[in-house]
Amino acid sequence: MTPPLIALEEHFFSSNVPPGLKGSYSEQLKHVQDVKAKLEDLSDLRFRDMDAGKVCLQIVSHAPGLTDPLACRAANNELHEAIKAEKARAGGTARQGKSRLAGFAVAPMGDPLQAVSELRRAVTELHFVGALVDNHYQGRFYEGSEYDPWWAAAEDLDVPVYLHPNWPSEDMAQRFHGNFSKAAALSMGSSGLSWHADTALHVLRLFASGLFDRHPRLKIIIGHMGETLPFMLQRIEVLSRRWGQFERDFRTVYDTNIWITTSGVWSVDPMRCILANTKTDRILYSVDYPFQKNEVGLAWFQELEASGLVDAEQLSAIAYGNAEKLLGVKAPEGLFT
């Protein structure tokens, strides 16, 4: 029997999303059925789709690309109101094992100090369980000293930061132009490959900067079966020894500061690699809704269950137990009996 499922990389569009941002999603809007309606819904349509995939709890976050401080604040407020409405319907919060919605904050990463302020507000006032932020801001990653207050705040608040892939900046996008279609260029520069490689690169940059020595209690989540890091892990372990003197080597950081989700990768094959080199308590189920269907995620999870790669205890940990421990939430019971 499939255990309860908690999903962490599940998105929405706020009513204040800039028109230009929606243009970035042209390929998704063209190819993913009803994706706009599902992005804009935080109630009945979303719950119907959650039921179809036996997702008992979504940790909801804004879709990538939102950068304006006022727009980020408005999006967090809008999500908070939806979570409040679900709390009233369910008779309690996600921390109490009642509500089916919880929130990750979006933050204006182009302005680190405003990002810190919004993170603190979202966690302490809106009771969000962490943040999901774009992997870079106009090509700038977050290992610089100007971002140290951001990481210090996340460590102080004891909440995870989910590094989510983002559209390439103008200078980055030039790498994906070639003797092929615009659709191919857009895909290669985003979810076709570059998103994942860039997120892995970001984690390596954070490590190389000494961030995890300065903030050893940081919690970083990355999606899509680890954004290529598990596959390259042994090579990174060896080569990162050349990068400087660190109190904690890359393997230690990987084992203690990094969590990975399954979002949007529906093959058991990468999971074979992950289970061979990654602690089971660092692996979390996710879907990437509505860009991916909950039903497809459920079918993949049932394939994992039948594969024999994990035992019942490990399966439950991946399904919901690890998310409960990391985020301080509880899977609602009795929804799909």
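Only a predicted model underlies this, so the values are computations on that prediction, with no experimental measurement involved. (Residues numbered from 1 in each chain as written. Predicted model: local features only at pLDDT ≥ 70, side-chain atom pairs only at ≥ 80, totals over all residues. Heavy atoms only, no water.)

**Side note on the overall build of the protein chain**
The line we're drawing: A run of H or I in DSSP counts as a helix once it spans at least four residues, and a run of E counts as a strand once it spans at least two, with each numbered from the N terminus. For a compact globule the rule gives 2.2 Å times the number of residues to the power 0.38, and the radius of gyration it is set against comes from C-alpha atoms. We call a residue buried when its accessible area falls under 20% of the maximum for its residue type, exposed when it is over 50%, and partly exposed in between, using a 1.4 Å probe and counting protein chains only. Here a residue-residue contact requires only that any non-hydrogen atoms of the pair lie within 4.5 Å.
On a plain count of helices and strands, the protein chain comes out with 16 helices and eight strands. In terms of C-alpha radius of gyration, the protein chain reaches 19 Å, essentially the compact-globule figure of 20 Å for 337 residues. For the protein chain, with 337 residues in total, the buried portion stands at 54%. A fraction of 78% describes how many contacts in the protein chain between residues 6 or more apart in sequence connect residues 24 or more apart.

**Here we look at the pattern of salt bridges**
Applicable threshold: When a carboxyl oxygen of Asp or Glu lies within 4 Å of a side-chain nitrogen of Lys or Arg, that pair is called a salt bridge.
Tallied over the entire structure, the rule returns 17 salt bridges. Put simply, D49 and K38 hold a salt bridge, and the shortest N to O gap is 3.3 Å. Taken together, the residues D49 in helix 4 (residues 44-52) and K38 in helix 3 (residues 35-39) connect sequence positions eleven residues apart. Taken as a pair, D49 and K38 share a single burial class, namely buried. R121 is the partner of E118 in a salt bridge, and the nearest nitrogen-oxygen pair spans 2.8 Å. Of this pair, E118 and R121 both sit in helix 6 (residues 112-124), three residues apart, which is roughly one turn of that helix.

**Brief notes about the packing of helix 5 (residues 69-90) against helix 6**
Two quantities define a packed helix pair, namely the angle between the helix axes and the distance between the axes. Filter applied, for reference: Axis geometry follows a simple rule: fit a line to the C-alpha atoms, using only the stretch in contact for helices, then measure angles between N-to-C directions, giving values from 0 to 180 degrees. Orientation is classified from the angle alone, with under 35 degrees giving roughly parallel, over 145 giving roughly antiparallel, 65 to 115 giving roughly perpendicular, and any other angle giving oblique. Here the term charged refers only to Asp, Glu, Lys and Arg, the term nonpolar to Ala, Val, Leu, Ile, Met, Phe, Trp, Tyr, Cys and Pro, and the term polar to all other amino acids, Gly among them.
Remark: helix 5 packs on helix 6, axes separated minimally by 11 Å, with the N-to-C direction vectors making an angle of 10°. Taken together, the axes of helix 5 and helix 6 are roughly parallel relative to one another. Mapping the contact onto sequence places P69, C72, R73, N76 and N77 in helix 5 and Q114, E118 and R121 in helix 6. Of the residues belonging to the contact of helix 5 with helix 6, the class tally is two nonpolar, three polar and three charged.

**Side note on the sheet that holds strand 2 (residues 55-62)**
Under the convention used in this document: Strand pairing is defined by DSSP finding a minimum of two bridges between the two strands.
Read across the open sheet, the three strands follow the order 1-2-3; overall the sheet is parallel. The two strands at the open ends of the sheet, each matched to only one other strand, are strand 1 (5-12) and strand 3 (101-103). Ignoring strand direction, the axes of neighbouring strands in this sheet form an average angle of 30°. Here strand 1 pairs with strand 2 via six bridges, running parallel. Paired with L5 across the two strands is V55, which belongs to strand 2. Relative to the sheet, helix 5 contacts strand 1, strand 2 and strand 3, its axis offset from that of strand 3 by approximately 155°.

**What about the sheet that holds strand 4 (residues 131-134)?**
Spatial strand order, 4-5-6-7-8: five strands in an open sheet with parallel pairing. Bordering the open sheet on either side are strand 4 and strand 8 (283-284), each of which pairs with just one other strand. The sheet contact formed by strand 6 (residues 220-222) and strand 7 (residues 258-261) spans three bridges and is parallel. Following the sheet pairing, I220 is matched in strand 7 by I258. Across the face of the sheet, helix 13 (residues 250-257) comes into contact with strand 6 and strand 7 while running at roughly 60° to strand 7.

**Details of the side chain of D49**
A residue is classified by how much of its surface remains accessible, and D49, at 6% relative accessible area, is buried. Those residues in contact with D49, other than ones at most four positions away along the chain, are K38, Y289 and N294.

**Focus: the packing of helix 12 (residues 229-239) against helix 13**
Remark: helix 12 packs on helix 13, axes separated minimally by 9 Å, with the N-to-C direction vectors making an angle of 145°. Taken together, the residues of helix 13 that come into contact with helix 12 (itself represented by P230, L233, I236 and E237) are F250, R251 and Y254. When grouped by side-chain class, the residues that make up the contact of helix 12 with helix 13 number five nonpolar, no polar and two charged.

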